[in-house]
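Each chain, letter by letter, is given below.
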Amino acid sequence: MSLMTPAAHLRTTPGDARRHELAAFLRSRRERLAPEQVGLPMTGRRRTPGLRREEVAQLAAVGVTWYTWLEQGRDIQVSTQVLDSVARALLLDPSERAHLFTLAGADDPAPVKECPSVTPSVRLLLDRLAPYPAVVLNSRYDVLAHNAPYTAIVGDLDAMAPEDRNVLWMAFTPSQFREVLIDYRTERLGMVARFRSAMADHSSEPAWKALLARVLKASPEFAELWQRHEVMRPGNGVKRFLVPGVGLLRCEYTNFWLSPRLGTRMITYTPLDDETRALMDELPTR
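Please read all numbers here as calculations on a predicted model, not as lab measurements.

**Student:** Let's hear about the pattern of salt bridges: which residues, and what values?
**Tutor:** Counted according to the given criterion, the structure contains 19 salt bridges. Of the charged contacts in the structure, one is a salt bridge between E96 and R32, with a shortest N-O distance of 2.7 Å. Here R32 lies in the loop between α2 (14-31) and α3 (53-60) and E96 lies in helix α6 (residues 94-104), a separation of 64 residues in the sequence. One salt bridge in this structure joins R97 and D84, with 2.8 Å as the shortest N-O distance. Of this pair, R97 sits in helix α6 while D84 sits in helix α5 (residues 80-89), and the two are 13 residues apart along the sequence. The pair R97 / D84 is uniform in exposure class, with both members buried.

Now the structure itself:
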């Protein structure tokens with residue numbers, strides 16, 4: 001007879017939580033892929049989006065039962081070689097691959113080096129720019145690095161889920177960034193146009209398609225703007241933020257490109273007037 005209480009049955013360990021997160025992550029990556037993206041023919045009507053489990057198993061050269069158990073969050077041994085095969089089968093980008101190995105509690109046999117655009121010197125420069133907010137973004141609007149004053153604008157990035165650390169996502173869903181951005185209607189129109197322009201070079205990449213589908217589903221306004229098919233190249237300009245506890249910041253933002261192409265860039269926000277310069281001294285520096 002078991003002496004465990006009902007609460008004990010419901011108690012989960014860190015390992016359990018990580019396996020459940022791994023299972024959910026794998027399902028989400030599988031469901032975003034179409035058969036033609038991985039060279040498989042379309043066969044019959046599909047009741048669910050994306051690839052089937054047996055198709056992922058086939059592409060990764062692993063057993064269907066084993067892969068099913070992995071997606072069910074079962075406590076099974078996973079080799080780094082198999083994880084590598086699964087990452088390739090699901091067309092994971094560098095960030096997603098790193099996340100897969102972290103959730104699996106394994107060391108990546110071929111770790112992807114940190115983005116060369118975010119070097120130690122770039123991180124040092126970000127910190128030295130305080131009290132002026134600064135951030136490093138890629139062309140998909142993912143936040144790659146930032147300094148402490150920037151958190152006054154977007155909130156605590158470390159407390160956000162990795163997939164939410166994206167300025168486009170924050171602009172079209174409830175967030176601190178959306179609340180403090182005064183001219184949000186005009187700014188969001190420009191963001192959509194720049195995102196569409198950048199996506200022209202990445203239209204077949206799963207990470208880009210997944211972000212697009214996610215924002216389309218979350219925001220009818222984004223969906224309406226997306227249908228306009230407007231494009232715009234990145235540029236410099238002026239933004240205004242009404243930061244609680246600080247005040248109105250009138251900022252000039254400047255793009256500093258960190259790669260040969262219009263991809264990764266550092267964006268700095270410098271004061272447009274003396275009042276803003278004084279208020280920026282009140283922004284967090286750590």
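**Student:** Just give me the short version of the packing of aromatic side chains, but keep the residues and values in it.
**Tutor:** Scanning all chains against the criterion turns up eight aromatic pairs. Of the aromatic side chains, those joined through ring pairs into one cluster are Y150, F177, F241, Y253 and Y269. Directly above the ring of F172 sits R188, whose terminal nitrogen or CZ lies 5.0 Å from the centroid. Taking the ring centre of Y141 as reference, the NZ or CZ of R265 above it sits at 5.5 Å.

**Student:** Give a description of empty space enclosed by the protein that names residues and reports values.
**Tutor:** Per the stated rule, a full pass over the model turns up one cavity of 30 Å³ or more. For the largest cavity, the calculated volume is near 170 Å³. Lining of the largest cavity is provided by 15 residues; of these, Y141, R194, K239, R265 and I267 occupy positions nearest its centre. Broken down by secondary-structure element, the contributors of at least two residues to the lining of the largest cavity are α11 (184-199), β4 (247-257) and β5 (265-271). Take the lining of the largest cavity: its biggest share by element is three residues, from β5. In terms of residue class, the lining of the largest cavity is built from 10 nonpolar, two polar and three charged.

**Student:** Can you break down the nonpolar core residue by residue, with the values?
**Tutor:** Core analysis: the largest hydrophobic core is formed by 42 residues, its most contacted members being V167, F177, F195, F241 and L249. The element that contributes the greatest number of residues to this core is helix α9 (residues 167-172), accounting for six residues. Setting aside chain neighbours within four positions, we find F241 in contact with I153, F177, V180, L181, I182, G247, L248, L249, C251 and Y269. Counting residues in hydrophobic clusters, the runner-up holds 25 residues, among them A57, L70, I76 and L83.

**Student:** Could you give an account of unusual backbone geometry, naming the residues involved and the relevant values?
**Tutor:** The omega angle of the peptide bond from A130 to P131 is 15 degrees, so this bond is cis rather than trans. Of note, P131 is situated in the loop between α7 (120-128) and β1 (134-137). In the Ramachandran plot, A61 falls in the positive-phi region, its phi being about 60 degrees despite a non-glycine side chain. Relative to the helices and strands, A61 is located in the loop between α3 and α4 (64-71). Phi at L91 is positive, roughly 55 degrees, even though this residue is not glycine.

**Student:** Before we move on, could you go through the side chain of R188 and cite the residues and values that matter?
**Tutor:** As for its position among the elements, R188 is in helix α11. Assessed through its relative accessible area of 1%, R188 is described here as buried. At 2.9 Å, the side chain of R188 forms a polar contact with the backbone oxygen of A171. Sequence-distant contacts of R188, that is, excluding residues within four places in its chain, are made with A171, F172, R178, E221 and L225.

**Student:** Describe the sheet that holds β4, listing the residues and the values that go with them.
**Tutor:** Strand order in this open sheet of five strands is β2-β1-β5-β4-β3, and the pairing throughout is antiparallel. At either margin of the open sheet sits one strand with a lone partner, and together these are β2 (143-146) and β3 (237-243). Pairwise comparison of adjacent strand axes, ignoring direction, gives a mean angle of 30 degrees for this sheet. The sheet contact formed by β3 and β4 spans seven bridges and is antiparallel. Note that in β4 the partner of R240 across the bridge is R250.

About the thresholds
Residues numbered from 1 in each chain as written. Predicted model: local features only at pLDDT ≥ 70, side-chain atom pairs only at ≥ 80, totals over all residues. Heavy atoms only, no water. Salt bridge = Lys/Arg side-chain N within 4 Å of Asp/Glu carboxyl O. Helix = DSSP H or I, 4+ residues; strand = E, 2+ residues; numbered from the N terminus. Buried < 20%, exposed > 50% of the residue type's maximum accessible area, 1.4 Å probe, protein only. Phe/Tyr/Trp six-rings, centres within 6.5 Å; stacked < 30°, edge-to-face > 60°. Lys NZ or Arg CZ within 6 Å of the ring centre and 35° of its normal. 1 Å grid on protein atoms, 1.4 Å probe; cavity = no way out; pocket = protein on both sides within 12 Å on 5 of 7 lines; lining within 4 Å. Points joined across faces, edges and corners; volume = space filled by probe spheres on them. Nonpolar A, V, L, I, M, F, W, Y, C, P; charged D, E, K, R; others polar. Core = buried A, V, L, I, M, F, W, Y, C linked by side-chain atoms within 4.5 Å. Contact = heavy atoms within 4.5 Å. Polar contact = N/O pair within 3.5 Å; in protein donor to acceptor, adjacent residues only side chain to side chain. Pairing = 2+ DSSP bridges. Axes fitted to C-alpha atoms, helices over the stretch in contact; angles between N-to-C directions.

On their own, these measurements won't tell you what the molecule is for.
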